[in-house]
Every structure is written in structure tokens, then in C-alpha cells.
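A closer look at the structure
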Amino acid sequence: MSNSLVLVINSGSSSLKFALIDTVVGDAVLSGLGECFGLPEANVSWKYNGEKKEYALSEGNHHQLAVDRIVALVDELGLKDDIVAVGHRVVHGGEKFTSTVKIDDEVLKEIENLSDLAPLHNPAHVIGMRASLAAFPSLSQYAVFDTAFHQTMPAKAFTGAISRKLYEDYGIRRYGFHGTSHYFVSREAAKVLNKPVEESNFISVHLGNGASVCAIKNGKSVDTSMGFTPLAGLMMGTRCGDLDPSIIEFLLKKGWSQEEVFTELNKKSGLLGVSGLTSDCRGIIEAMENGHEGATLAFEIFCYRVAKYIGSYMVALDELDSIIFTAGIGENSQPIRSKILENLKIFGYREDEEGNAAARFGNRGIITKPNTPVAMVIPTNEEWVIANESMALLHA
Ligand code: AMP
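Note that the coordinates shown come from a computational prediction; the quantities given were computed from them, not determined experimentally.

Attention now goes to the UniProt feature "active site" (unreviewed entry) in the chain. According to UniProt, the positions carrying the feature "active site" (unreviewed entry) are Asp146. Among the residues examined, aspartate 146 registers a relative accessible area of 2% and is labelled buried. Excluding residues within four positions of it along the chain, aspartate 146 makes contact with Arg89, Val90, Val91, Gly176, Phe177, His178, Gly179 and Thr180.

Listed below in C-alpha cells is the structure:
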């Protein structure tokens, strides 16, 4: 294990996820979560060797206290000296960051400057980075961007059909997110097919609480469904996805405040809004099986919209090696994948029921019948990408 550990940090506004990744084996040695920052119940919990533990944080700067606790923890576990780098997940790199970078003052400032584009995420990342830089002053630290993989999109895919001035003045364009996930699963899928990724073409479908589709041509992102923000594209757990923008004006004229409208579209829509029940896919499926009308409609819309995006991305590619399903729903939900494939029957997709049933709970596998177009399940591993990219730059 010596000299192979990278600490991966994903700092949010009131939480901080972390994992210690062994870059040789590819596994998380330790993983944990700091939660409820800013509240009296702020705590850090972690899993090590199958055992779960929790530690209450005292009053103060909870990001710093959480990182300090992680430092003490890795020291207690005898792992501290094996950590060679820290990799930070950053949601928005704008057009500035097209790949992973080493964090210095200039980079911190640039990430902060991009807060306009990701007000909920980038400031929280910077707080976590500063805490980590203070806690691990001798380690090189890296920023890995969710948007970077999509910076290869052509202008026709990232430019909105609006005045160019809005792009020039404000940077309004499609950026795309979940880049580390689409990157990882496309590399793994190429290995499954025994093809160089540079010659492989995929439609990667990340279906978690957040969801996005990505068209990947010769290993590069050429289009993706999330846009200027992660609100665009597919129906999600609580997000509406694509929507006629006039609805916003309509609701504002009806007396809704700007905040109410955006809370509605970000937090009360999607599976939750349509079902009136839950944003959790497992709850939707269970309720549907019990005949719940809202849950059934939510399931139908969700699968129909994913299939429509897949169909539209056939246009972005000349050839397609495989559809790839990933993330919480994509990796686990047999009925969702089954329905999506059924919706794609015009393209020749035929579900292999046994394959679909087997590809769950971390198992990868092909879920379509032999001699029909291929769809497969590949569990994602964003932490592994962040750790590996950090390691690669450390040794560059
Ligand atoms: P993620 O954001 O990738 O963690 O994915 C969260 C989503 O995955 C939630 O909607 C969960 O309901 C869904 N999910 C997790 N496990 C399962 C499962 N076994 N079957 C169906 N959906 C699942």
C-alpha cells in the first residue's frame, strides 16, 4: 500500500465526503462523510475495515474541524504517511479548466471566480480546499473538474440558440457535468469490448439522483444533456430537466418569487414532483408495483425521456459500440433499464433478461441479447478517477 494512497475530498456547503483510495488496487481503504455543518449536530462518520464510526464536531469552522479530524484519523490508523496527494472534486471549471490541475493560489482564485456559474458548489469546494491545504501543507493537491471531460464538445453542441452576446458577456453555454463518471465508464466499456477507447463510441447514461446522458465519439464527449447548470436534460430525482423557459415567466407573473420558482424546479420536481411521493427510485418502483398512479407516471416519463435522449444522440455519432448505464439507478434498477430498452426497440435493442437481472449491486455486464445492438452496465467510480488523475499529475 505504501505511497499509493490519495485522499479524495468532495466538499459541499454543509457536508464533506472523503475517501482514501488505494490507486494500485483501485479500492477505497477508508470512506466517510462530514454532515450537518453549521448545526449543533455536525459530525464526521466513516467506514474502515467494514466498521462504522462517528465523531461529533465541536462548535467552530466545521469544514476545518472535519478535515482536522480526517488528519487525526488517518494518523491513528497508521495511514497518514502513505498518503501522497489530495484530489478535490470541483463541479464547475467553466471554459478555463479542460483537465486536472495542481491547486495553487491562482487556481483557487479562478475556481472562486467561477462561483457565478456554480454558486452552491464552487465556494464550498474552495472552503474545503483551504481547510485541506492547511491540514496537509506538505502534500500536492489537485482539482478535478466535473465539466472538464465535456470541453471537447463542438460549438454546435455547446452553443445555445440565443444571441451570441449572452455567451460573450456572461459565458452562457452548455458546460455539462458528471464528466468524471462519463469518462470512467467509457474507458471501462472500451476494455470490456477490447477496443482502444480512442476508436470507441458510446452513449453513456448516468442515472442517479442527478442524471445525464453523454455522446462519446472516439473516446471524447461530443454532446451531453446537462447544460449551463445541472438542471437541464433528463428528469431527475427532484430536478425537472428540460422545460419550456416560458413556464418560469408564467409562474413569476402568477406571483411566485424567483426563489420559489427555482426551489420548485430544483428540489420539488422530477420523480418527486410527478409521483407526489418520493425522489428515490426504489420507492417509485415499489409504489408502482402497488398500483400507485403518480409513481407509475413518474416511471414512464423517466424512461421515455432517457430513451428520447439516447435516440437523439444517435445523430451525434457515426457509429455506436454500446449504450452504458451507470450510477445508483443505472447500476441497480432492472425495471428502469428494461423499460428504456423497450422504448428503444426501433433501433433494434432487445433486453437479455438474465443479463439485466445479473448486472446489479456492483456487477458489470451486457444486458442485451447476442447479435443485437449492445447495452451494458458499468458501475461508476468517480473517486477512483480523481485519485488516479491526481497520481498521474504528481508523477508527471
Ligand atoms: P446516486 O445519486 O448515484 O447515489 O443514485 C441514487 C439513486 O439510485 C436513488 O434514486 C436510488 O433510489 C437509486 N438506487 C440505489 N440503489 C437502487 C436499487 N437497488 N434499485 C433501484 N434504484 C436504486
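Now that the structure has been shown, the text picks up again.
A few words on the pairing of strand E5 (residues 51-56). In terms of burial, E5 is largely open, as just zero of its six residues are buried. As paired elements, strand E4 (residues 43-48) and E5 share six bridges and run antiparallel to each other. Its bridge partner lying in E5, serine 45 is registered against glutamate 54. The loop that links E4 with its antiparallel partner E5 comprises two residues; one of these, asparagine 49, has a positive phi angle of about 55°.

What follows concerns the pattern of salt bridges. Under the defined criterion, the tally for this structure stands at 16 salt bridges. In this structure, glutamate 188 and lysine 191 form a salt bridge, with 2.8 Å as the shortest nitrogen-oxygen distance. Highlighted residues: glutamate 188 and lysine 191, both in helix H6 (residues 179-193), separated by three residues, approximately one helical turn. Where lysine 195 meets aspartate 321, a salt bridge forms, and the shortest distance between an N and an O atom there is 2.9 Å. Separated by 126 residues along the polypeptide, lysine 195 in the loop between H6 and strand E9 (202-207) and aspartate 321 in the loop between helix H11 (293-313) and strand E12 (322-326) bring together distant segments of the chain.

Calculation criteria
- Residues numbered from 1 in each chain as written.
- Predicted model: local features only at pLDDT ≥ 70, side-chain atom pairs only at ≥ 80, totals over all residues.
- Heavy atoms only, no water.
- UniProt positions renumbered as here; feature names shortened; annotations may be inferred.
- Buried < 20%, exposed > 50% of the residue type's maximum accessible area, 1.4 Å probe, protein only.
- Contact = heavy atoms within 4.5 Å.
- Helix = DSSP H or I, 4+ residues; strand = E, 2+ residues; numbered from the N terminus.
- Pairing = 2+ DSSP bridges.
- Salt bridge = Lys/Arg side-chain N within 4 Å of Asp/Glu carboxyl O.

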